[in-house]
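# Results of the structural survey
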Amino acid sequence: MSSQRLDDELEQIRRYEDFTTIDWIHDSMLERNRRLKDAKELANLRREPRGRITLSRLWRHVRRAINAGQSWFVVSLVGVCIGINAAIISIVTEWLSDMKMGYCSDGWWLNQQFCCWEMEGDEVDGCESWRPWTTVSFARWIIFVSIAAIFAFVASHLVRNLAKYAAGSGISEIKCILAGFIMQGYLGFATFFIKSITLPLVIASGLSVGKEGPSVHVACCIGSLVAGLFNKFSRSQSKMREIITAASAAGVAVAFGSPIGGVLFSIEEMSHSFSIRTMWRSFFCALMATFTLAAMNPFRTGKLVLFQITYDRDWHFFEIIFFVILGIFGGLYGAFVIKFNLQVAAFRRKYLAQHGVAEAVTLATLTALIGYWNRFLRLDMTESMAILFRECEGGGNVYNLCQSSAQWRISFSLLFATVIRIGLVVISYGSKVPAGIFVPSMAIGASFGRMVGIVVKALYMSNHQSGIFKFCTPDVPCITPGTYAFLGAAAALSGVMRITVTVVVIMFELTGALTYILPTMIVLLVTKAVGDFLGTNGIADEMIRFNGFPFLEKEDHAYNVTVSKVMRRDLHTVSDTGMCVKDVEALLASTDVKGFPVVSADGCRKFLGFIDRTEIRYVLERVRSSADIHRSTPCIFTPLEADADSIDMESRSSFGDGEELQGNLLNSTLSEHGITFSSWVNRIPMTVSPQLPLEIVMQLFKRMGPRVILVEDHGLLVGLVTVKDVLRFIATEKPDHGPSWDERGGLDGLLEEAWTWASTAAYRTASWSRRLLRR
């Protein structure tokens with residue numbers, strides 16, 4: 001029996017099951033053993049006589065060099081694959097989106113932009129090469145709606161039948177995966193392939209969803225698939241987590257053309273724990289992805305995204321008033337969408353769980369029916385933002401956005417688009433198709449911001465000699481409506497995702513200028529303040545809570561309780577002596593816990609150690625396959641008396657020759673006294689006192705990542721606690737917490753509080769005035 005084969009058996013028996021959590025401490029111990037094995041091989045290499053060049057020595061040097069550079073090679077390969085995939089998705093999405101309106105007579109594979117490449121501006125109705133399906137308005141409307149419904153049907157049908165995990169955004173689930181939650185197949189090839197195919201179809205159908213969130217999921221799938229080809233990553237959960245984190249950064253980088261913003265997004269939003277090494281790999285992966293995307297140049301403009309712009313005009317301090325309005329809108333928008341989208345999700349789970357295809361087709365049809373008659377709803381959201389972000393000078397007067405005679409009609413159209421798209425986002429996000437919320441939120445903020453910018457510009461044009469506008473320089477455009485659209489997009493994105501620094505950097509990389517960094521920071525700080533006041537979390541965190549995933553938030557809370565109030569007291573344990581094979585098998589059959597504390601057999605419950613369920617099964621199977629044992633054979637769990645600094649991990653680290661290891665295993669587990677599990681008992685599991693505050697236990701879970709923490713009181717086992725126990729306690733007890741947004745009655749409750757406060761203040765003021773007059 002070879003050492004590699006035995007390694008594979010150990011990995012197979014320790015493989016994490018679906019919907020379980022990774023024990024990061026145990027994973028770190030396995031990684032430590034591998035490093036010790038490599039160090040031992042290197043020491044043997046150095047002990048060979050100097051000057052003698054042998055084939056084995058040369059191969060070890062080569063293998064050492066390969067191992068040293070393998071991580072960076074994998075990161076580079078992942079980044080290149082993500083960039084290629086993003087370019088293909090962008091090209092196909094643009095082509096499918098234009099198919100709803102017509103086709104190119106010069107080549108069916110060309111979208112409207114490339115078909116009418118020689119035309120200037122964005123209104124290319126006069127392009128002879130582009131042929132609409134029909135010239136009859138009603139027929140064009142019917143064709144537009146029908147093609148949108150067909151795209152939604154194909155996408156939802158493929159997702160339902162071939163890859164159910166391809167639905168949704170994926171950011172919430174990936175956050176849980178990075179925290180240690182196992183979802184078999186979520187990052188598999190089927191999910192990657194189906195999501196890559198259906199994502200352009202969904203965006204082209206016109207549904208009010210985006211591709212940026214799903215792009216992160218697709219990028220993480222690529223990272224997992226590529227890294228899984230190498231044993232160094234497939235056998236180490238911690239190293240795989242580094243690659244997936246780096247891939248998530250690259251996914252945001254190619255979605256927004258923002259490599260630094262992608263790295264910050266992986267730090268601020270995705271990663272549960274972040275190291276400097278992971279940051280560098282995330283940066284390198286994002287760099288390789290954006291470089292590949294730029295080399296492929298999918299839009300043939302030299303830009304990474306359609307709405308890359310440059311603002312070189314300065315802003316004025318009086319505009320801060322209107323920037324604050326945009327920030328307030330972002331906070332209110334985030335709270336509104338999160339609250340009502342969760343209610344829609346609950347309705348969908350209860351009534352529409354088996355009707356995902358019909359729901360997607362209905363939503364696409366409804367969106368197309370409404371959006372066709374509004375130019376800002378009919379356009380692709382990315383293309384719409386590219387228009388709304390523009391300055392009026394230099395060809396920015398598209399759809400009469402800069403015409404003073406049409407300013408109020410355009411403002412009403414933008415307001416209508418904002419309100420309608422908010423409603424569509426609320427009911428569309430979470431449907432059974434690939435669906436993100438980044439770009440829809442940015443499009444909503446851009447339309448609202450452009451409307452505010454047009455109104456401010458109108459006020460300036462009618463009152464440019466008075467009031468706050470007297471600070472404007474004559475003969476120079478004072479108000480730039482495109483910047484208001486830009487700031488509104490940042491506010492809406494920050495409001496729904498509850499991220500700040502990442503949005504600032506992404507917007508900075510999109511504009512390429514430092515001029516509007518300060519306004520962006522002001523807007524996002526106001527958005528964050530409004531969100532904090534309303535007590536809302538990001539939509540990704542709310543979806544994690546809605547789905548019941550075992551995920552602890554990064555923020556600390558003061559619960560003022562000890563772990564004894566949270567711990568589980570009814571435990572399944574094994575005695576160090578007095579049990580036989582029949583008892584152990586009955587315990588395994590009657591429970592589904594992942595491990596068992598080892599206690600003394602004298603009834604005092606003296607805590608002796610911890611053993612995993614998988615290792616008990618492994619030992620029993622190995623012994624049964626090589627020796628004849630009876631159901632009455634004793635099982636001994638007495639741990640070895642070894643010093644903690646020199647723990648004997650030989651039997652668990654696959655050192656040495658395979659036959660020697662197999663012999664050591666059999667000798668250490670099967671003896672005349674029965675089956676001994678001593679080598680497999682962990683004598684130093686993570687234990688805490690029952691008087692320890694709950695906050696510290698939560699920090700242990702978040703920073704060290706154990707699957708279970710045992711509670712020990714003066715050497716006696718009194719309970720254990722898991723992440724699910726903590727989450728269950730928080731959800732049911734909510735100790736010492738201020739009332740949440742929902743508990744305060746939502747927006748109605750807030751208005752009622754404000755009215756009560758105002759009424760009370762007015763009554764007290766009137767009473768005080770009457771008393772003063774009497775005197």
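Looking at an unreviewed UniProt entry, one finds the protein named Chloride channel protein and attributed to Leucocoprinus leucothites. Taken from UniProt, the Subcellular location (unreviewed entry) comment for the protein reads in full: "Membrane".

### A word on the nonpolar core
Across soluble globular proteins, nonpolar side chains show a tendency to be buried alongside one another. Membership of the largest hydrophobic core comes to 119 residues, with the highest contact counts inside it found for Ile 82, Tyr 333, Phe 389 and Ile 437. Counting residues per element, this core draws most heavily on helix α18 (residues 438-462), at 12 residues. If you look at the next biggest cluster of nonpolar residues, it comprises 22 residues, including Met 579, Tyr 618, Leu 620 and Phe 677.

### A short note on the pattern of salt bridges
Under the counting rule described, the total for this entry stands at 11 salt bridges. Between Arg 498 and Asp 532 there is a salt bridge, with the nearest N and O atoms lying 2.3 Å from each other. Taken as a pair, Arg 498 in the loop between α19 (481-497) and α20 (501-511) and Asp 532 in helix α21 (residues 517-534) lie far apart in primary sequence, 34 residues in all. Asp 532 gets classed as partly exposed once you look at its relative accessible area, which sits at 41%. Here the salt bridges share partners, and the residues they tie into one network are Lys 175, Glu 269 and Asp 541.

### A word on the sheet that holds strand β3 (residues 574-575)
Strand order in the open sheet formed by 3 strands is β3-β5-β6, with mixed pairing between adjacent strands. Among the strands making up the open sheet, the edge pair consists of β3 and β6 (607-612). Where helix α24 (residues 613-626) meets the sheet, it contacts β5 (595-599) and β6, and its direction lies at approximately 75 degrees from that of β6.

### A word on the state of the cysteines
Taken as a whole, this structure holds 1 disulfide when the rule is applied. One disulfide in the model links Cys 472 with Cys 478; its S-S distance is 1.8 Å. A relative accessible area of 3% places Cys 478 in the buried class. With no disulfide of its own, Cys 580 has Cys 635 as its nearest cysteine by sulfur position, at a separation of 6.8 Å.

### What about the side chain of Glu 542?
As for its placement among the helices and strands, Glu 542 is situated in helix α22 (residues 539-547). One buried charged side chain, Glu 542, makes no salt bridge at all; its nearest oppositely charged neighbour is Arg 545, positioned 4.1 Å away.

### Some words on the packing of helix α13 (residues 320-351) against α21
Interaxial distance between α13 and α21 falls to 7 Å at its minimum, and their mutual angle equals 40 degrees. Taken together, α13 and α21 sit at an angle that is classed as oblique. Judged by the sense of rotation from one axis to the other, the crossing of α13 with α21 is right-handed. From α13, Ile 320, Phe 323, Val 324, Leu 326, Gly 327, Ile 328, Gly 330, Gly 331, Leu 332 and Ala 335 reach across to α21, where they touch Pro 519, Ile 522, Val 523, Val 526, Thr 527, Val 530 and Leu 534.

### Section: the sheet that holds strand β10 (residues 687-688)
The strand order across the open sheet built from 3 strands is β10-β11-β12, with neighbouring strands paired in mixed fashion. Here the strands that pair on one side only, and so sit at the sheet edges, are β10 and β12 (716-721). Pairing between β10 and strand β11 (residues 709-713): 2 bridges, direction parallel. Directly across from Thr 687, in β11, lies its bridge partner Leu 710.

### Some thoughts on a nonpolar patch on the surface
Together, Trp 72, Ile 260, Ile 276, Trp 280, Phe 283 and Leu 287 give the surface a local cluster of nonpolar side chains, amounting to about 610 Å² of exposed area. Among the elements that make up the nonpolar patch, the one with the highest residue count is helix α12 (residues 276-296) (4 residues). Structurally, the position occupied by Ile 260 is in helix α11 (residues 259-270).

Basis of the calculations
Residues numbered from 1 in each chain as written. Predicted model: local features only at pLDDT ≥ 70, side-chain atom pairs only at ≥ 80, totals over all residues. Heavy atoms only, no water. UniProt positions renumbered as here; feature names shortened; annotations may be inferred. Core = buried A, V, L, I, M, F, W, Y, C linked by side-chain atoms within 4.5 Å. Buried < 20%, exposed > 50% of the residue type's maximum accessible area, 1.4 Å probe, protein only. Helix = DSSP H or I, 4+ residues; strand = E, 2+ residues; numbered from the N terminus. Salt bridge = Lys/Arg side-chain N within 4 Å of Asp/Glu carboxyl O. Pairing = 2+ DSSP bridges. Contact = heavy atoms within 4.5 Å. Axes fitted to C-alpha atoms, helices over the stretch in contact; angles between N-to-C directions. Disulfide = S-S within 2.5 Å. Lys, Arg positive; Asp, Glu negative; His and termini not counted. Parallel < 35°, antiparallel > 145°, perpendicular 65-115°, else oblique. Left-handed = near helix turned anticlockwise from the far one by under 90°. Patch = residues over 30% accessible without salt bridge, like charges linked within 9 Å, V, L, I, M, F, W, Y side chains within 5 Å. Areas by Shrake-Rupley, 256 points an atom, 1.4 Å probe, with all protein chains shown as cover.

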